[in-house]
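Coordinates in review
Residue-level listing of the chains:
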Amino acid sequence: CTVIFTRLATRDLHKPISILFCNLAVSDLFTSFSGFWISMLFITNPDITIFGSRDMLAPYALYTTSILSTIYNLVSIGIERYLAVAESMRTRFRVARNHSIAVVFISWVLAFFLGCLPLMGWNCLRAEGSASLLYSPFCVNYLIFIAIPNVALAFLVPLFTYLRIIIILRKRKLRMQACGQATGTYKSAETQVARTSISIWLLALVSYAPFVASVVFDATNRRCHADLYPGVYIFRNCTAMLITITCLGNPLLYTLRLRTLGAKLKALRCPSAARGRACTI
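This text gives an overview of the structure that appears in the document. Model, not experiment: these values are computed from the prediction. (Residues numbered from 1 in each chain as written. Predicted model: local features only at pLDDT ≥ 70, side-chain atom pairs only at ≥ 80, totals over all residues. Heavy atoms only, no water.)

Let us look at the layout of surface pockets. Here the second largest pocket defines a volume of roughly 550 Å³. Lining the second largest pocket are 29 residues; nearest its centre among them are Ile 38, Tyr 60, Tyr 63, Tyr 135 and Ala 240. Those elements that place two or more of their residues in the lining of the second largest pocket are α2 (16–44), α4 (57–85), α6 (140–178), α7 (184–220) and α9 (231–254). Here the lining of the second largest pocket takes seven residues from α9, the largest share from any one element. Partitioned by chemical class, the residues of the lining of the second largest pocket number 20 nonpolar, eight polar and one charged. (1 Å grid on protein atoms, 1.4 Å probe; cavity = no way out; pocket = protein on both sides within 12 Å on 5 of 7 lines; lining within 4 Å. Points joined across faces, edges and corners; volume = space filled by probe spheres on them. Helix = DSSP H or I, 4+ residues; strand = E, 2+ residues; numbered from the N terminus. Nonpolar A, V, L, I, M, F, W, Y, C, P; charged D, E, K, R; others polar.)

Moving on: the state of the cysteines. Overall, the coordinates contain one disulfide when judged by the stated rule. Each sulfur of the disulfide joining Cys 124 and Cys 139 lies 2.0 Å from the other. Disulfide Cys 124 to Cys 139: torsion about the S-S bond roughly 125 degrees, handedness right-handed. Taken together, the residues span a long stretch of sequence, with Cys 124 in the loop between α5 (97–115) and α6 and Cys 139 in the loop between α5 and α6 at a distance of 15 residues. With relative accessibility at 4%, the residue Cys 139 sits in the buried group. (Disulfide = S-S within 2.5 Å. Buried < 20%, exposed > 50% of the residue type's maximum accessible area, 1.4 Å probe, protein only.)

Below, the discussion takes up empty space enclosed by the protein. Considering all chains together, one arrives at three cavities of 30 Å³ or more under this definition. As a volume, the largest cavity reaches approximately 40 Å³. Leu 74, Ile 200, Leu 203, Ala 204, Thr 246, Asn 250, Leu 253 and Tyr 254 are the residues that line the largest cavity. Of all elements in the fold, only α7 and α9 reach the threshold of two or more residues within the lining of the largest cavity.

Here you go:
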């Protein structure tokens, strides 16, 4: 919520990348809300979260939609950063504000379409033989269709974009060294991008890999609920907690630099331009 507030209320943050950051915060907010909804259902009536019920379709669909939107946002941010850094490309494509808005719209439409497929009929309320043991009434084939391609997308596209950014910065640094110019700025940028990309990979690995493992286990296991209770369901709840933790990690990685955030919040409290300059200082 702090990210959304500062991005919308501060004019100098109305940039293409800021739109993507704000949309990522909205996706994280939806993930937290839907995760809280599922948690309350688990507390009040745990049997429906284990054996499945029609009441679980809507919260699971919202949860899936928000996770897919988060993945598409992370991919979009990586591509935007690559296009912004790759100035040496012959046909450079500058990302404008309209492009970011279009990407946000398309990502949400795609996320809602794929996430709401169970509400449209792709569920196993009647076909119990192919129902998921961990995420019933979802079907196993639906989980495979959703999880494997999208998580692979979340891993492979940022890998390509951030590696390309590091390579571009390193090439420019070597060219400047050959010309006898200072390379401190490029060295600092290369180090910062490398650290950020490693953090993104670790966060994605810790967050989504256990969920993919649970989907694979669900697809290859045919035991009944009683044989899996309670250990596997505890693991399922832990995967949901890890995905929710991602909602805290994303703002720290992408937007919330504490000193800058503090200055922005102080500036927003100042009514006059003079006080705004004083607060920013």
